[in-house]
Amino acid sequence: MNKKIVSGFAIAAAATLAFGAVATAPANAAAKKIKLAYMGPLTGGAAFLGTDQIPGAIWAIDQYNRTNPKVKIELVKADSQCDPTVAANVAPGVAADKAIIGVIGTACSGEARNSFPAYKAAGLTMVAPSASAVDLTNRKAKSNGFPIFHRVVANDSYQGPALARYAADGVASPKYYMIDDQSTYGAPLIRENATPTAKKLGTIVGTDNFPDDTKDFTSVVAKVKASGANIVLFGGYDYTAGPLIKALRDGGYKGVFAGGDGVQTSGFVGLAGGKAIAVGVKMTAADVPFNTLLTAAQLADFTKVTGVKVPGLYAGTAWTAANVFIQCIKEGASTRSAIQKCVNNGTFTDAGGNKFKFDRYGDPTTAAAVGGYIVTKDGETIYDKIA
């Protein structure tokens, strides 16, 4: 349909933890107040991932608070920077605030894994807008988040194959070069989830991986060109993908560059060096543009509340995640144990109006289809098709 999208209270031992409260409605002295935390990257290299989606949570809570309920919600920001080490220090601080009865998050899968010990011990329920690694809800994985973790997006066992398919769309004799940033998100996305489909659709002519803070891609560019690849599949985040695609283009690579949802942020084009470099880059995400689901009046209200004209990626799933908690609060759940029981057993409505529940290990029973996105010559990232 080609709709445009554009995209404290403690200092931890290893990182500064910035908590902040978001005021979402006038105070009501008669109302009881409880808190929800949003946990994800709001600063650091991956900040766009969090700043794109948190407006959805802010708007959902503001909508609820404006109904003058008996229980008001305060949103607390927990900045974990998409960094597992930071998250391990942030989560105990969130868990220690007894007024926080749920976590909208985390945004990133590595954050989630390292948050589980604190949140499991505290009985603090999580509903993630975008953490998509398969192991988080895999009953056989020691790293799963049972019983406190839930998410409202499809996991990477859906996104990986979709990424391989979408990248090859329109390419004769696909020759894939598979790259990841060694992260607990990017590596499984490419190695475990995209690779089998790439092998079915074409030939894998090379693989590579490097830390996400890599700056010099000279050797990568040389290997990609020597391989004869006409598709580069990348698993990782925008702050690595941007410099990588620039290096590839500067080095003469003219084929497809495609990445998962860690790349699909409102900051990617700038990180790539501008629209001339980023044009044609393909991306996938288990999301559709939130603005396509809103009326003109709703979008105007969203902008008035958040200051964001066009919602970014996963703003809609953050809205959905917030509303899972809001529904439970409306039904009388105001303690951590009551919230967990409600989330585990309730039926909820997503941003598109679809009903869903969570299975025993936290995946949604009806997950959103994986969408394909592409950067246009104008430097805009548009929703293209189901990938």
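All of these numbers come straight from a predicted model, not from anything done at the bench.

Counted by the stated rule, this structure contains ten salt bridges. One salt bridge connects D97 with K35, and the closest N-O pair in it is separated by 3.0 Å. Pair noted here: D97 is in the loop between helix 2 (84-96) and strand 7 (100-105) and K35 is in strand 5 (residues 32-40), with a separation of 62 residues, a long-range link. With respect to burial, D97 and K35 carry one shared label: buried. Here R151 ties to D363 by a salt bridge, and the two come within 2.8 Å at their closest N and O atoms.

The phi torsion of most residues other than glycine is negative, and most of the peptide bonds are trans. The residue after G105, namely T106, is reached through a cis peptide bond having omega 5 degrees. With respect to the helices and strands, the residue T106 is situated in the loop between strand 7 and helix 3 (109-122). The omega torsion across F146 and P147 is 5 degrees, close enough to zero to call that bond cis. At N68, a position not held by glycine, the phi torsion is positive, near 55 degrees. Looking at the element boundaries, N68 is found in the loop between helix 1 (47-65) and strand 6 (71-79). Residue N68 is classed as exposed on the basis of its relative accessible area of 55%. At Q182, a residue that is not glycine, the phi angle is positive and equals roughly 65 degrees.

A separate point is the nonpolar core. Ranked by size, the top nonpolar core spans 60 residues in total, and within it L75, I104 and L233 carry the most contacts. A per-element tally of this core places helix 11 (residues 315-330) first, with ten residues. The next biggest cluster of nonpolar side chains, apart from the first, holds 37 residues, and it includes A154, F268, Y314 and V370.

The rules behind these values
Within each chain, residue numbers correspond to sequence positions counted from 1 in written order. In keeping with the model being predicted, local features are shown solely for residues with a pLDDT of at least 70 and side-chain atom pairs are shown and tallied solely at 80 or more, while totals for entire chains, interfaces and linings include all residues. Hydrogens and waters are ignored; side-chain quantities use all the structure's heavy atoms. Salt bridge criterion: a side-chain nitrogen from Lys or Arg within 4 Å of a carboxyl oxygen from Asp or Glu. Each helix corresponds to a stretch of at least 4 residues labelled H or I by DSSP, and each strand to a stretch of at least 2 residues labelled E; elements are numbered beginning at the N terminus. Note on exposure labels: buried denotes an accessible area under 20% of the residue type's maximum, exposed denotes more than 50%, and partly exposed covers the range between, all computed with a 1.4 Å probe on protein chains only. In this description, a nonpolar core means a group of buried Ala, Val, Leu, Ile, Met, Phe, Trp, Tyr and Cys residues linked to one another through side-chain atoms lying within 4.5 Å.

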